[in-house]
Amino acid sequence: MDLATCGGLAALELAVFRSCIGLSTFQASLSLFLVQYVLCKFYRIVLYPSYFSPLRHLPGPRDHNLLLGQEATKFRAATPCSVQLAWMRQWPDAPFIRYLSFAGKEILLVNTLAPHKAVLQTHVYDFVKPPFFARLVGEITGTGLLFAEGDVHRRERRLLAGPFSVPSMRKLLPVFRAKAKALDGVFERIIGDRPYASLEAMDILSKSTMETIGITVLGIELATLSSRYPLGFQELYSRVLHQSPLGQLIWIVNAFIPIRKLVPLEANRRFIRANADLRKMLREIIERRAADLADGTFGRDVGESRDLLTYMLEEAALRRKATGEEVWAVDDIIGHLLNFTSAGHESTATSLAWSLYVLATDHAIQERLRSEIASLLATNPEPDYEAVSGLPYLHNFVREVLRVYPASHMSQRAATRDLVISGIRIPKGTHLDICIPLSNLHPLTWGGSSSSSSSSATAFDPARWDRLAGDASTPHAFQTFLQGPRACPGRNFAMAQMKAVLVELVPRWRFLGIEGGVGGRGGSGELLVGGEERIGRGVKLANPSMTMRPADGLYVRFERRV
């Protein structure tokens, strides 16, 4: 827009003052354009944020870099959200915290409960995902439901409700349990005949949850793909999701300045190749499944839950037959599959890894959880969905893991019209950050900031869910899956899978601690917040990262229970 405005002004000035300028038309046009552009950028970067913006009086940091704003500070931080958490604790009462991003761009960080509800519920469709967020997240997670807006989002949400409903979870629980038993076998192979052993939780759990995704989202065992492709689905996905430091820098810059196709570096080419191969693989899987459904060679048992891909293809065929409407093109299906692969794989694996961290560092919680699960299995060795869901302490434990250690930490919105929220006028086009830990750990909602007290926001205390009161009892206090019409549809899926894994592992294994040493290994300890900038003692987080994952792995020592 600035380029078009400056070009128009330069043309107008050239037409008016051409006789006074002793230069050729090209030279005069270029000179006037450059002058206009420099003045325009000076106004937008320097003058407007400091002297003219209606948001300039809102609380927030003032130590901005002229060109980078707070982005360099965020990039250098120990965790993806430590800077935002520090701002929250400095201005706990502020509905919004204002900071500057690249080139003077104003961002409002949603801070307290009321504006979270307004943005995610009351005015949910008055906000859209900004283009730079689509470049940041969309090239990894796909577009799909995550980036659908307005009526399209409402329609997609309705169409995709079935696979994530409670009846579907009842049918999927045997899949979750089968993969959990396979994970138990991995533990057996690692420990062998030794009294105890250690494992890197993120790697093992990522493989397990990806295998679960293969069945529940794609309808295949991922191991069957290895003979047809040089790199497997999980390897390709890992290359896209977990880039080198240089690749991460390119990823961040590309979100603001689209440089992906211009950077001739191997880190960039590696990402582009993996991304293209991943989508090619998904396209071939979709086309093969559509052909199998058309000729009846893709069978399943009566009552068996459809995987997401089969569900979408069959729904699309029904709609096409009934109304002639083409619901999803292949690219649309790829976007949805990538959305749910991200949510059901990396996020769930990260949440399970933090579950093992808690069990390994708080043995009282571990024993109480084991006792409850053992009581169920003593009378019901093969519990169904209702039986597992009926375990109150397990339910509280999973919710507390998701509250204190939310796997996904960020979502962003842009206002499509002028709005007033919590008494603050938000101009059209304003970008908002929704930083999930701010809601989940806010002291005004969950209690004071002292980690030594079980009533503090940062203390890990599953029992708190039995005594919720005040703001903590409202849905918007817990934002791990977001809330409102744009809440993550995979909430039931993630919680059912986590519970199935814990029901299988906790009775059979005792988690002794987090191994000390180098390379990201650390000693066990309580949750640390504030200035110490680490989720768990000695466990460094990856930054930048789309998830709150350990940077160098999470090494858990365990032993077999006799």
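Quick caveat: nothing in here was measured; it's all calculated off a predicted structure.

For the rest of this paragraph, the subject is the overall build of the protein chain. Assigned secondary structure in the protein chain consists of 21 helices and 10 strands. Taken over 562 residues, the protein chain has a buried fraction of 52%. Taking the intrachain contacts of the protein chain between residues at least 6 apart in sequence as the baseline, contacts between residues at least 24 apart amount to 72%. In the form shown here, the protein chain has an accessible surface area of approximately 24,300 Å², with 58% of it arising from carbon and sulfur atoms.

It is worth spelling out the pairing of strand S1 (residues 96–100) at this point. Taking burial as the measure, the 5 residues of S1 include 5 buried ones, the bulk of the element. Along S1, one buried face is formed by Phe 96, Arg 98 and Leu 100 and the opposite face, lined by Ile 97 and Tyr 99, is buried too. The pairing of S1 with strand S2 (residues 106–110) spans 5 bridges and is antiparallel. Within the sheet, the bridge partner assigned to Phe 96 lies in S2 and is Val 110. Between the antiparallel neighbours S1 and S2 lie 5 residues, among them Ala 103 with a positive phi of about 55°.

Before going further, it helps to spend a moment on the nonpolar core. One finds Leu 218, Phe 233, Leu 337, Leu 359, Phe 397, Phe 511 and Val 556 to be the most contacted residues of the largest nonpolar core, which totals 104 residues. Top contributing element to this core by residue count: helix H15 (residues 330–361), with 14 residues. Not counting residues within four places of it along the chain, the set of residues in contact with Leu 359 comprises Ile 365, Gln 366, Leu 369, Phe 397, Leu 502, Val 506 and Phe 511. Within the second largest apolar cluster, 18 residues are counted, among which are Leu 55, Ile 424, Ile 434 and Leu 482.

This part is about unusual backbone geometry. Most peptide bonds take the trans configuration, and most residues that are not glycine carry a negative phi. The omega torsion across Asn 543 and Pro 544 is 0°, close enough to zero to call that bond cis. Mapped onto the elements of the fold, Pro 544 is located in the loop between strand S9 (509–514) and strand S10 (555–560). One non-glycine residue, Ala 103, adopts positive backbone phi at about 55°. If you trace the backbone, Ala 103 turns up in the loop between S1 and S2. According to the relative accessible area criterion, Ala 103 is partly exposed, its value standing at 37%. Positive phi values are uncommon outside glycine, yet Leu 482 reaches one of about 60°. Tracing the backbone through its elements, the reader meets Leu 482 in the loop between helix H20 (443–446) and helix H21 (491–505).

Contact pair helix H11 (residues 233–241) / helix H13 (residues 266–295): the axes reach a minimum separation of 8 Å and the direction vectors enclose 140°. The angle between H11 and H13 falls in the class oblique. Between H11 and H13 the crossing geometry is left-handed. Touching Phe 233, Leu 236, Tyr 237, Arg 239 and Val 240 of H11 are Arg 270, Phe 271, Ala 274, Asn 275, Asp 277, Leu 278, Met 281 and Leu 282, all from H13. Of the residues that constitute the contact of H11 with H13, the class distribution is 9 nonpolar, 1 polar and 3 charged.

This paragraph deals with the packing of aromatic side chains. The final tally for this structure, using the stated rule, is 17 aromatic pairs. Where Phe 176 meets Phe 493, the ring centres are 5.1 Å apart and the plane angle is 85°; that geometry is what we call edge-to-face. Placement of the pair is Phe 176 in helix H9 (residues 166–191) and Phe 493 in helix H21, with a sequence separation of 317 residues. The same class applies to Phe 176 as to Phe 493, namely buried. Among the aromatic residues, ring-to-ring pairing joins Trp 354, Tyr 357, Phe 397, Tyr 405 and Phe 460 into one connected group. Over the aromatic face of Phe 271 sits the side chain of Arg 260, whose NZ or CZ is 3.9 Å from the ring centroid. Against the face of Trp 446 rests Arg 403, its NZ or CZ located 4.8 Å from the ring centre.

Right, let's get into a nonpolar patch on the surface. On the surface, a cluster of nonpolar side chains totalling about 310 Å² of accessible area is made up of Phe 75, Leu 246, Leu 249 and Leu 265. With respect to the secondary-structure elements, Phe 75 resides in helix H3 (residues 71–76). Classification of Phe 75 by relative accessible area gives partly exposed; the value is 33%.

Our focus in this paragraph is the sheet that holds S2. Read across the open sheet, the 5 strands follow the order S1-S2-S8-S5-S3; overall the sheet is mixed. Each having just a single partner strand, S1 and strand S3 (127–128) make up the two edges of the open sheet. The sheet contacts of helix H4 (residues 82–90) involve S1, S2 and strand S8 (431–435), and relative to S1 the element is tilted by about 130°. On the sheet, helix H5 (residues 113–122) packs against S1, S2, S3, strand S5 (410–415) and S8 and is oriented at approximately 115° with respect to S8.

Taken together, the buried positions of helix H8 (residues 150–159) are His 153, Glu 156 and Leu 159. Buried residues of H8 fall within an arc of 130° about the axis and therefore sit on the same side. Across H8 from its buried face, at more than 90 degrees, point the exposed residues Asp 151 and Arg 158.

Considering the arrangement of structural elements, one finds Leu 199 in strand S4 (residues 196–200). Counting along the chain gives 359 residues from Leu 199 to Phe 558, while the straight-line C-alpha distance between them is 8.1 Å. Setting aside anything within four residues of it in sequence, one finds Leu 199 in contact with Phe 187, Ile 190, Ile 204, Leu 554, Tyr 555, Val 556 and Phe 558.

Our focus in this paragraph is the sheet that holds S9. The strand order across the open sheet formed by 3 strands is S4-S10-S9, and the pairing between neighbours is antiparallel. Whereas interior strands pair on both sides, the edge strands pair on one side only; in this sheet they are S4 and S9. When the angles between neighbouring strand axes are averaged without regard to direction, this sheet yields 35°. Packing against the sheet, helix H10 (residues 201–218) makes contact with S4 and S10, and its axis sits at approximately 70° to S4.

What follows concerns the confidence of the model for the protein chain. Confidence along the protein chain averages 84 in pLDDT terms, with 86% of residues attaining 70 or more. Counting contacts from residues 517–536, a segment whose pLDDT is below 50, to residues more than four positions away or on other chains yields 49 contacts.

With that out of the way, let us pick up H9. End to end, H9 covers 36 Å across 26 residues, agreeing with the expected 38 Å (1.5 Å per residue, within 8%). The largest bend in H9 is about 40°, located at Leu 172, with the proline Pro 174 one to four residues further on. Where H9 ends, the next residue or the one after it, Gly 192, has phi of about 55°, a positive value.

Reading the values: the criteria
Residues numbered from 1 in each chain as written. Predicted model: local features only at pLDDT ≥ 70, side-chain atom pairs only at ≥ 80, totals over all residues. Heavy atoms only, no water. Helix = DSSP H or I, 4+ residues; strand = E, 2+ residues; numbered from the N terminus. Buried < 20%, exposed > 50% of the residue type's maximum accessible area, 1.4 Å probe, protein only. Contact = heavy atoms within 4.5 Å. Areas by Shrake-Rupley, 256 points an atom, 1.4 Å probe, with all protein chains shown as cover. Pairing = 2+ DSSP bridges. Core = buried A, V, L, I, M, F, W, Y, C linked by side-chain atoms within 4.5 Å. Axes fitted to C-alpha atoms, helices over the stretch in contact; angles between N-to-C directions. Parallel < 35°, antiparallel > 145°, perpendicular 65-115°, else oblique. Left-handed = near helix turned anticlockwise from the far one by under 90°. Nonpolar A, V, L, I, M, F, W, Y, C, P; charged D, E, K, R; others polar. Phe/Tyr/Trp six-rings, centres within 6.5 Å; stacked < 30°, edge-to-face > 60°. Lys NZ or Arg CZ within 6 Å of the ring centre and 35° of its normal. Patch = residues over 30% accessible without salt bridge, like charges linked within 9 Å, V, L, I, M, F, W, Y side chains within 5 Å. Salt bridge = Lys/Arg side-chain N within 4 Å of Asp/Glu carboxyl O. Arc of directions from axis to C-beta. pLDDT = per-residue confidence, 0-100. Expected span 1.5 Å × (residues − 1). Bend = angle between axes of the 7 residues up to and from the residue.

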